[in-house]
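The residues making up each chain are set out below.
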Number of protein chains: 2
Amino acid sequence: KGKNVIFVAGLGDIGLDTSKELLTRELKNLVIMDVRENTEGLCALKEICPETKVTFIKYDVTVPLDESKKVLKKIFDKLKTVDILINGAGILDDHKIEATIAVNYTGLVNTTTAIMEFWDKRCGGPGGIICNIGSVTGFNAIYQVPVYSGSKAAVVNFTSSLAKLAGITGVTAYSVNPGITRTTLVQKFNSWLDVEPDVAELLLEHPTQSTKECAENFVKAIEKNKNGGLW
Amino acid sequence: KGKNVIFVAGLGDIGLDTSKELLTRELKNLVIMDVRENTEGLCALKEICPETKVTFIKYDVTVPLDESKKVLKKIFDKLKTVDILINGAGILDDHKIEATIAVNYTGLVNTTTAIMEFWDKRCGGPGGIICNIGSVTGFNAIYQVPVYSGSKAAVVNFTSSLAKLAGITGVTAYSVNPGITRTTLVQKFNSWLDVEPDVAELLLEHPTQSTKECAENFVKAIEKNKNGGLW
């Protein structure tokens with residue numbers, strides 16, 4: 001549909017399938033910013049839709065705000081306009097407290113803050129759309145990973161605030177909060193202080209979804225484009 | 001009541017009044033860990049109850065986990081047992097994204113994680129009680145400070161998980177979530193990207209409470225000591 005989309009972590013587990021799904025929608029540009037360099041995945045994406053230009057920029061969400069702004073400036077210089085930013089970077093390992101919070105919450109806030117310089121209507125910007133990937137654990141914690149769950153609650157709460165600020169900034173926002181999805185993240189992960197060594201196995205006894213199912217619903221949510229939505 | 005209490009940020013705005021209120025309960029020891037060195041406030045506290053030993057340790061919650069463990073080890077070496085940890089460090093300034101998240105969420109998680117080494121019943125510890133200071137903004141964001149509000153949502157969610165883990169760790173937890181309290185924090189603060197330059201003034205038009213009222217209810221909640229409580 002001729003849109004320019006930036007997808008942070010668009011090569012991840014949920015990311016890659018969501019990118020594939022997005023590419024069936026005839027975007028103009030899909031810019032993937034990811035810390036991973038998955039050449040194979042990227043090549044597969046480039047083949048899906050000849051009308052869409054897929055580009056890759058290496059990006060670690062934990063860099064300082066100014067660094068994020070620089071990376072985004074390059075993208076805006078090239079594309080002129082960007083319609084949607086998808087913030088999808090996330091890690092699940094409650095042995096790594098700092099990294100979990102830095103990637104899942106601080107990184108998302110910084111990337112969001114950085115793009116406001118280009119979108120904020122108070123600076124003459126055209127507005128834009130932010131889609132943040134939260135998690136059901138933001139509402140209903142997986143208590144064996146309290147650090148992760150808390151970081152996702154922060155994402156949900158932050159995104160709701162962004163939506164309420166849309167009148168001021170011109171930037172709308174919603175969050176997509178997947179349930180348990182069979183990603184590599186979930187196959188094996190550390191609980192906080194090892195409170196439950198078998199947390200991954202226990203989790204997978206619950207009803208789960210594939211990354212493909214997740215991706216399909218994800219893109220449906222993006223198409224609905226409802227400010228303040230919680231999906 | 002003969003208890004040993006550690007109070008992180010016990011010299012802060014809400015902290016100081018809460019410390020005063022706590023000292024009317026005949027504690028054995030009150031250890032205040034604070035980044036502030038408020039000699040005057042500390043002296044005033046020491047005079048309230050001659051039976052309670054009040055000590056001060058300079059502590060910045062943003063230090064690495066190992067550093068937190070070292071500070072706590074010194075306290076445990078001296079007091080042998082600690083009954084309650086109150087995590088009260090918080091800043092409110094949405095211009096400072098990293099600091100807000102590091103103090104309000106990461107610091108609280110690290111201090112909590114550090115004390116588990118001394119309390120966790122799986123390591124032969126006696127258990128303990130964690131009281132985390134969240135904020136109503138964890139439930140109902142002040143959307144002009146989305147970064148702060150998100151960090152408090154993280155605290156609320158994290159604390160609920162801790163409470164669910166009490167059966168495994170022996171450590172119970174609850175959060176105290178003050179409404180708008182007339183602290184120096186609230187008199188003037190920066191909104192995110194200056195979306196609302198007069199956010200402090202607007203906030204103070206709402207019903208507010210004094211730090212003393214807040215402190216009284218705070219200590220009541222501590223006395224109730226309900227695992228999983230949200231006050």
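Residues numbered from 1 in each chain as written. Chains lettered and ligands numbered in written order. Predicted model: local features only at pLDDT ≥ 70, side-chain atom pairs only at ≥ 80, totals over all residues. Heavy atoms only, no water.

An unreviewed UniProt entry lists chain A under the name Alcohol dehydrogenase, with Drosophila ananassae given as the organism. Quoted verbatim from the Subunit (unreviewed entry) field of the UniProt record, the comment on chain A reads "Homodimer." According to UniProt, the comment filed for chain A under the heading Sequence similarities (unreviewed entry) is "Belongs to the short-chain dehydrogenases/reductases (SDR) family." (UniProt positions renumbered as here; feature names shortened; annotations may be inferred.)

### Focus: the confidence of the model for chain A
Per-residue pLDDT for chain A has a mean of 94; in total, 100% of the residues score no lower than 70. If you check the scores for this complex, the pTM reads 0.95 and the ipTM reads 0.94. (pLDDT = per-residue confidence, 0-100.)

### Describing helix α4 (residues 97-119) of chain B
All names here are of chain B. The end-to-end C-alpha separation of α4 is 32 Å, in line with the 33 Å expected for 23 residues at 1.5 Å each. In α4, a bend of some 40° at T106 exceeds every other bend along the element. Burial analysis of α4 places 19 of its 23 residues in the buried class, the great majority of the element. (Helix = DSSP H or I, 4+ residues; strand = E, 2+ residues; numbered from the N terminus. Expected span 1.5 Å × (residues − 1). Bend = angle between axes of the 7 residues up to and from the residue. Buried < 20%, exposed > 50% of the residue type's maximum accessible area, 1.4 Å probe, protein only.)

### Here's the deal with unusual backbone geometry
All names here are of chain B. Phi is positive for A9, close to 70°, though the residue is something other than glycine. Locating A9 in the fold gives a position in the loop between β1 (4-8) and α1 (13-22). What makes A9 buried here is its relative accessible area of 6%. In this structure, K80 takes a positive phi of about 70° despite not being glycine. Within the secondary structure, K80 is located in the loop between α3 (65-79) and β4 (84-87).

### Considerations on the environment of L65(A)
Summarising the element assignment, L65(A) is placed in helix α3 (residues 65-79). Beyond its immediate chain neighbours, meaning those up to four positions away, L65(A) contacts N110(A), T113(A) and A114(A). (Contact = heavy atoms within 4.5 Å.)

### Here we look at the sheet that holds strand β3 (residues 53-58) of chain A
Residues and elements named next belong to chain A. What the six strands build is an open sheet, ordered β3-β2-β1-β4-β5-β6; its pairing is parallel. Each edge of the open sheet is held by one strand with a lone partner, namely β3 and β6 (171-176). On average, each strand axis in the sheet is tilted by 15° relative to the strand beside it, whichever way the strands run. With four bridges joining them, strand β1 (residues 4-8) and strand β4 (residues 84-87) adopt parallel strand pairing. Its bridge partner being in β4, V5 is matched across the sheet by I84. Contacts from α3 reach β1, β2 (29-34) and β3 within the one sheet, and its direction differs from that of β2 by about 170°. (Pairing = 2+ DSSP bridges. Axes fitted to C-alpha atoms, helices over the stretch in contact; angles between N-to-C directions.)

### Quick notes on the pattern of salt bridges
All names here are of chain A. Under the definition given, this model contains 20 salt bridges over all chains. Between R36 and D34 there is a salt bridge; the shortest N-O distance is 3.1 Å. Connected via shared salt-bridge partners are E21, R25 and E223. (Salt bridge = Lys/Arg side-chain N within 4 Å of Asp/Glu carboxyl O.)

### Describing the packing of α1(B) against helix α9 (residues 211-224) of chain B
Residue and element names in this part refer to chain B. Taken N-terminus to C-terminus, the directions of α1 and α9 make an angle of 55°; their axes are 8 Å apart at the nearest point. In this view, α1 runs oblique relative to α9, as classed from their interaxial angle. Both α1 and α9 take part in a crossing whose hand is right-handed. Within the contact between the two elements, α1 uses D13, I14, D17, T18, E21 and L22 and α9 uses T211, K212, C214, A215, E216, F218, V219 and I222. Tallied by class, residues from the contact of α1 with α9 come to seven nonpolar, two polar and five charged. (Parallel < 35°, antiparallel > 145°, perpendicular 65-115°, else oblique. Left-handed = near helix turned anticlockwise from the far one by under 90°. Nonpolar A, V, L, I, M, F, W, Y, C, P; charged D, E, K, R; others polar.)

### Regarding the environment of F56(A)
Residue and element names in this part refer to chain A. With respect to the helices, strands and loops of the structure, F56 is situated in strand β3. Along the primary structure F56 and F7 are separated by 49 residues, whereas in three dimensions their C-alpha atoms are 9.7 Å apart. Each residue touching F56, except ones within four places of it in the same chain, is listed here: L11, I32, D34, R36, E37 and L42.

### Examining the pairing of β1(A)
Residue and element names in this part refer to chain A. Across the five residues that make up β1, a large majority, five, are buried. With burial as the criterion, each face of β1 is covered, one bearing N4, I6 and V8 and the other bearing V5 and F7. Direction of pairing for β1 relative to β2: parallel, over a ladder of five bridges. Across the sheet, the residue bridging to F7 is I32, located in β2. Once the chain exits β1 it traverses helix α1 (residues 13-22) before rejoining the sheet at β2, and the crossover so formed is right-handed. (Right-handed = clockwise from strand over helix to strand, strands pointing away.)

### Some details on the relation of the copies chain A and chain B
Once turned by 180° and shifted 0.0 Å along the axis, chain A lies on chain B with an RMSD of 0.0 Å. Between the two chains, the operation in question is that of a two-fold axis. If distances are taken from each C-alpha of chain A to the rotation axis, the shortest is found for A154(A), at 2.5 Å. Comparing interface residues between copies, 100% of those in chain A also lie at the interface in chain B; the contact surface is shared. (Least-squares fit on C-alpha atoms with pLDDT ≥ 70 in both.)

### Thoughts on the state of the cysteines
Here a disulfide denotes one covalent bond, and it connects the sulfur atoms of two cysteines. Scanning all chains against the criterion turns up zero disulfides over all chains. Its sulfur unpaired, C43(A) is 16 Å from the next cysteine sulfur, which belongs to C49(A). Not engaged in a disulfide, the cysteine C214(B) finds its nearest cysteine sulfur in C131(B); these two sulfurs lie 11 Å apart. The class of C214(B) is buried, set by a relative accessible area of 4%. (Disulfide = S-S within 2.5 Å.)

### With respect to the interface of chain A and chain B
Between chain A and chain B, the contact holds 37 residues from the first and 37 residues from the second. Summed over both sides, the interface between chain A and chain B buries roughly 3,100 Å², with carbon and sulfur atoms accounting for 68% of that surface. Among the residues chain A hides against chain B, the three largest losses belong to Y143(A), N157(A) and W192(A). Together they make up 18% of the total. On the surface where chain A and chain B come into contact, there are 18 residue pairs in polar contact (both at pLDDT 80 or more). Those elements that place two or more of their residues in the side of chain A that touches chain B are α4 (97-119), α5 (146-164) and α6 (166-169) of chain A. Each residue belonging to the side of chain A that touches chain B can be placed in one class, and the counts come to 20 nonpolar, 13 polar and four charged. (Buried area = accessible area lost by both parts, 1.4 Å probe. Polar contact = N/O pair within 3.5 Å; in protein donor to acceptor, adjacent residues only side chain to side chain.)

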